[in-house]
Amino acid sequence: MKQNERDRFFLLVGLAILAVSSICGYVGYRLFDRAPVPLVSYGNPVGGSFRLVNGADGSVLDTDFRGRWMLIYFGYTHCPDTVCGATAKAMAEGVAALGRERSRLAVPIFITLDPMRDTAEDLRTYALRFGTQLTVMTGSPKMIQAVAKEYHAPYVRHEGENGDYSMDPRPRS
């Protein structure tokens, strides 16, 4: 009888340990799953809140994308296709490869660095070249400058002839 009681005791202790560890694991998973992913760049936080204008719907907040990965690229529609176009295409194809879950998991975002030339209509037309997945955004020059600073996306405006200019998303040192 003693052997039976001891076996039952060890079985109950084992089940209790299993139940407590399962509950703790679940609670820990839920807490860490809700915590934001800390992105850093050389010790400086990357990202921040923003309010911009979507090329299709109007005002957009960073919170509109909560729970999804934001793949953000800063470029402009007059940028050579070998640079901005290739990146926008790769982002759109990457998200499309996620299949049916893509809209729940990630959103590719193209933020213009040239809001003076890139109107909402220009951005919509540009985005359609890469499918329907790409979200395009613009805003006032000060808004774009603030978002680019938050996301560590430096750029320089290069003046050209006859009032023309180009934007360089990778400023030269």
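Heads up: the structure comes first, above all this text.
What comes next is a walk through the structure. Just so it is clear, the structure is predicted and the values come from calculations on it, not from any experiment.

**Some thoughts on the side chain of Asp114**
Phase 1: Tracing the sequence through the fold places Asp114 in the loop between β6 (106-112) and α4 (120-128).
Phase 2: Not counting chain neighbours up to four residues away, the residues in contact with Asp114 comprise Gly75, Tyr76, His78, Tyr165 and Met167.

**Quick word on helix α5 (residues 141-150)**
Phase 1: Listed in full, the buried residues belonging to α5 are Ile144, Val147 and Ala148. Angular distribution of buried residues about the axis of α5 spans 100 degrees; they occupy a single face of the element. Facing away from the buried side of α5 by more than 90 degrees, the exposed set consists of Lys142 and Lys149.
Phase 2: Where α5 is buried, its residues contact β3 (51-54), β5 (69-75), β6 and β7 (135-138).
Phase 3: Backbone geometry just downstream of α5 places His152 in the positive-phi region, at approximately 55 degrees.

**Points about a nonpolar patch on the surface**
Phase 1: Judged by side-chain polarity, Phe9, Phe10, Val13 and Ile17 come together as a nonpolar surface patch covering roughly 420 Å² of accessible area.
Phase 2: Mapped onto the secondary structure, Phe10 falls in helix α1 (residues 2-34).

**Describing the side chain of Asp62**
Phase 1: Inspection of the secondary structure assignment puts Asp62 in the loop between β4 (58-61) and β5.
Phase 2: Buried charged residue Asp62 carries no salt bridge. Nearest counter-charge: Arg66, at 5.2 Å.
Phase 3: With residues near it in sequence (within four places) discarded, Asp62 still touches Gly48, Ser49, Phe50 and Met70.

**Looking at the state of the cysteines**
Phase 1: Scanning the entire structure with this criterion turns up one disulfide.
Phase 2: What pairs with Cys79 in a disulfide is Cys84, and their sulfur atoms sit 2.2 Å apart. Residues Cys79 and Cys84 are joined by a disulfide whose S-S torsion is about 85 degrees; by sign, that bridge is right-handed. Grouping residues by exposure puts Cys79 and Cys84 together as buried.

**Quick notes on the layout of surface pockets**
Phase 1: The space that makes up the second largest pocket amounts to roughly 160 Å³.
Phase 2: Lining the second largest pocket, in full, are Leu113, Asp114, Pro115, Met116, Pro141, Ile144, Tyr155, Val156, Arg157, Tyr165 and Met167.
Phase 3: Looking at the lining of the second largest pocket residue by residue, the class counts come to nine nonpolar, no polar and two charged.

Rules of the game
- Residues numbered from 1 in each chain as written.
- Predicted model: local features only at pLDDT ≥ 70, side-chain atom pairs only at ≥ 80, totals over all residues.
- Heavy atoms only, no water.
- Helix = DSSP H or I, 4+ residues; strand = E, 2+ residues; numbered from the N terminus.
- Contact = heavy atoms within 4.5 Å.
- Buried < 20%, exposed > 50% of the residue type's maximum accessible area, 1.4 Å probe, protein only.
- Arc of directions from axis to C-beta.
- Patch = residues over 30% accessible without salt bridge, like charges linked within 9 Å, V, L, I, M, F, W, Y side chains within 5 Å.
- Areas by Shrake-Rupley, 256 points an atom, 1.4 Å probe, with all protein chains shown as cover.
- Salt bridge = Lys/Arg side-chain N within 4 Å of Asp/Glu carboxyl O.
- Lys, Arg positive; Asp, Glu negative; His and termini not counted.
- Disulfide = S-S within 2.5 Å.
- 1 Å grid on protein atoms, 1.4 Å probe; cavity = no way out; pocket = protein on both sides within 12 Å on 5 of 7 lines; lining within 4 Å.
- Points joined across faces, edges and corners; volume = space filled by probe spheres on them.
- Nonpolar A, V, L, I, M, F, W, Y, C, P; charged D, E, K, R; others polar.

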